[in-house]
Structures are given as structure tokens and as C-alpha cells.
Amino acid sequence: MIALNSPVKPNLKKLANLLEQINENGWYTNFGPLHQELTEKLEDYLGVKNLLLTNNGTSALQVAAHAIGSNSILSTPFSFVATVSAFKWQKDELAFADVDKQSLNLSPESVRLAYRKGCKADTLVATHVYGNPCDVEALDKLSEENNFQIIYDAAHAFGIKLGNDSVLKYGDASTLSFHATKIFHTVEGGAIVFKDRSNFEKAEEIINFGIRPGRGVVDVGINAKMNEYQAAVGLVNLEEIDNILSHRAELFHMYCEGLKDIVDLPLWHPEANANGAYMPILLQSKEELSVVTKGLLERNIQSRHYFEPSLDKIFVDSHNYGSKNSTSASERILCLPMHAHLQKVDIKKVLLELRDIL
Ligand SMILES: *Cc1c(COP(=O)(O)O)cnc(C)c1O
């Protein structure tokens, strides 16, 4: 079976060394030395400042919203459910705007229309879906015109750059997920990259019950800290990240070359690199998708209809400024196998079988 995904396995010898170090320190969580080391190494690797580790990517979204002071959200309906449920959970008001037909990212035009029609959301939540950057310039401009803040859900965008700059530098905050299924992982984990140091400092208190060292409780907080065991896995996995990213990017380009004549592919941002986080294809119809999924499985190839449904179909009581493109994409989108253990021969087989089925 060619698996859809296969998590990176941390090197156990290196991990054991770090776990021993944790025992020696007697410091298991609460901003310990490995937490510090991973923070610095990630900031360095990603080329960002103000990176705060969290216990997962969902809490990263929630904490980011608290830190920058959001209460109402305009979001994309084409994303993993957590992009939206994270905010719904904390009773933020929620509305949707549509995605662009080609990139499947939040459409600046649809966002503009939403505000023209009276949308009052103080924060835009946009996913760089499949690692493909949003039209950040256009969204930035809209945020100035309409006075909203931006949180980018960058859970798929580890290692993505626009030109020479990390895509994580855009927006008031960008969040990452380090879940085991992601490109870089700490088993469970995540991070927030803040534009402003002051928001970073606020969030650092929020993830630790609102406690400011030496001052006591200064804010309503939560427990969203990454522990030392998670940081240890991160440090071990980070040593492999260059190889993993280049391998995945190579697989992605090989797929694209072989797929471009047989299926539609989401339009990639022209100034961005690829990280090979996912391999989404767009089929012609629901029916074709179901034939392809079944056909691949019969030939021992996993695939996943992902993301579906369009999130406005789940959160039906939210204001909907448009979801036509999202609905259409979510009915036809299929992700093909993509992971660090995948080999070129596997992709050759997937391409051959897919061509045959179509
Ligand atoms: C994985 C993911 C999340 C959630 O991250 P967790 O670390 O699993 O909480 C949020 N948004 C997107 C787009 C994701 O893919």
C-alpha cells in the first residue's frame, strides 16, 4: 500500500540523549532549556522573530486571537476544521468569505465585498492552504482600508518563502502546527509568530495562566505551553528538516510535471517555493472523484478527499459572504500520497495508475 501520509520518525538515540538531559535538569515543562533551544533554532531556521511555542496548532490560533485582541472573525471556508472551530470554541463571532477559484486561498475580492456589505469582523483568518501563500499583498492592503487585523493559519506553510522572506512575516500573527502528520513535528505542538514584540509578550503570559513572572496573574490565561519532551522531539527532527524539505519539494515538482496534462492543480503563488506539504488535485466532478478514489484504493494507493465539506456547511449559523468556489473545490479536491518516506518510484506508480483510471 502506498500510504497517504507517514509521520517522520524521530531518531531514538538522539532523542534518548535529550530525555536523559531532561532528567538531569529535572525541568520537564514551563519554558525549560530545550524549549529555549528549539525557539532559537526555529527562529533562526525560519528567519523570523517573536516565535512562541505552544502545545498544539489549535491553541496557537486561539492564543493568537487573544493576544492581538480579536473578537470577530472573517475566515476561509476552505481549510481544516480547526481554522474555524478554534474561534467558534471561544465564542468569537464568525463569518465566511469565499476563496479564489484557482489558488483555493481566501479571495481578496470576496473579502473586499464582505466589508462593503457591512462585515464588522475585527480579524481576518486566512489559511495558506496546502502551503500555497495567500495573496498577502492584497490582503494587507485591505486590512489597512478596512481596519482589520490578520491571523494566517500557516499550519501547512513550514519553510515557505515569498522571494527571500518567510511567509510567516505577514499578518499580525501566523500560526504553525507541529502535529505528527505535519512536515516538521513535535508529536503535538505548534507555534505563533507575532509581528509585534508586545503581542508576543502578552501571549507568553496567556499560555501560562496569565502569569507574569514576579507580578502574578495579569490576564485571563490558559495552559498552552509546549513541554520539554515535545521540544526534544522537535530538536531531533529539526536536524533532518533540510533533507525532508528538499525531498518533498522534489516529489512535489515530479508530481506536478506528471499531473499537469491530466488534472487541474491549484495555482501556486508565483513567488513562492514549494514545501511538498500536500499533493492536491482537482477533478472534474464529485462522480469523477469517487471513481478515482475507489480506483486508487483498488490499486493499493491511499488518497484523501480533503478538505471537505466547505466549512460553511458545518458552521451554518455563521454569516456567509460567499462560498461558491469553496463548495465547488471541496467537492472535487483529492490529496495524493505525500510524505517524507515516499519515493520517486511510488510517484511513478501513482501517476501511471491515475492516468489509467482517468
Ligand atoms: C493541522 C492543522 C491545524 C491544527 O493543528 P493541531 O496542531 O492539530 O492542533 C490547524 N489548521 C490547519 C490548516 C491544519 O492543517
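Residues numbered from 1 in each chain as written. Predicted model: local features only at pLDDT ≥ 70, side-chain atom pairs only at ≥ 80, totals over all residues. Heavy atoms only, no water.

- Going by an unreviewed UniProt entry, the protein carries the name Putative aminotransferase and comes from Vibrio ezurae NBRC 102218.
- As recorded by UniProt, the Sequence similarities (unreviewed entry) comment attached to the protein reads in full: "Belongs to the DegT/DnrJ/EryC1 family." (UniProt positions renumbered as here; feature names shortened; annotations may be inferred.)

### Details of the UniProt feature "modified residue: N6-(pyridoxal phosphate)lysine" (unreviewed entry) in the protein
Move 1: This chain's UniProt record puts "modified residue: N6-(pyridoxal phosphate)lysine" (unreviewed entry) on Lys 182.
Move 2: Structurally, the position occupied by Lys 182 is in the loop between strand E8 (173–177) and strand E9 (190–194).
Move 3: Aside from chain neighbours lying at most four places away, what touches Lys 182 is Ala 155, Ser 177 and Tyr 278.
Move 4: Looking at Lys 182, its side chain comes within polar contact range of the side chain of Ser 177, at 3.5 Å. (Helix = DSSP H or I, 4+ residues; strand = E, 2+ residues; numbered from the N terminus. Contact = heavy atoms within 4.5 Å. Polar contact = N/O pair within 3.5 Å; in protein donor to acceptor, adjacent residues only side chain to side chain.)

### Some points on the site of the ligand
Move 1: The environment of the ligand is formed by 14 residues, the closest being Thr 58, Asp 153, His 156, Ser 177 and Lys 182.
Move 2: A distance of 2.7 Å separates an oxygen atom of the ligand from a polar side-chain atom of Ser 177.
Move 3: Take Lys 182: an N or O atom from its side chain is 3.1 Å from an oxygen atom of the ligand.
Move 4: Expressed as a share of its isolated accessible area of 380 Å², the protein-covered part of the ligand is 93%.
Move 5: Those elements that provide at least two residues to the shell around the ligand are helix H3 (57–68) and helix H4 (82–89). (Near = heavy atom within 4 Å. Areas by Shrake-Rupley, 256 points an atom, 1.4 Å probe, with all protein chains shown as cover.)

### Description of the nonpolar core
Move 1: If you look at the biggest cluster of nonpolar residues, it comprises 70 residues, and the most contacted ones within it are Leu 42, Leu 74 and Val 111.
Move 2: Ranked by the residues each element gives to this core, the list is headed by helix H8 (residues 228–238), at six residues.
Move 3: Shared between two domains, this core holds at least three residues of each, these being domain 1 (12–238) and domain 2 (241–357).
Move 4: Apart from the residues within four sequence positions on either side, Leu 74 is in contact with Ala 95, Phe 96, Ala 97, Val 111, Ala 114, Tyr 115, Cys 119, Ala 121, Thr 123, Leu 124, Val 125 and Tyr 321. (Core = buried A, V, L, I, M, F, W, Y, C linked by side-chain atoms within 4.5 Å. Buried < 20%, exposed > 50% of the residue type's maximum accessible area, 1.4 Å probe, protein only. Domains from an automatic or database assignment.)

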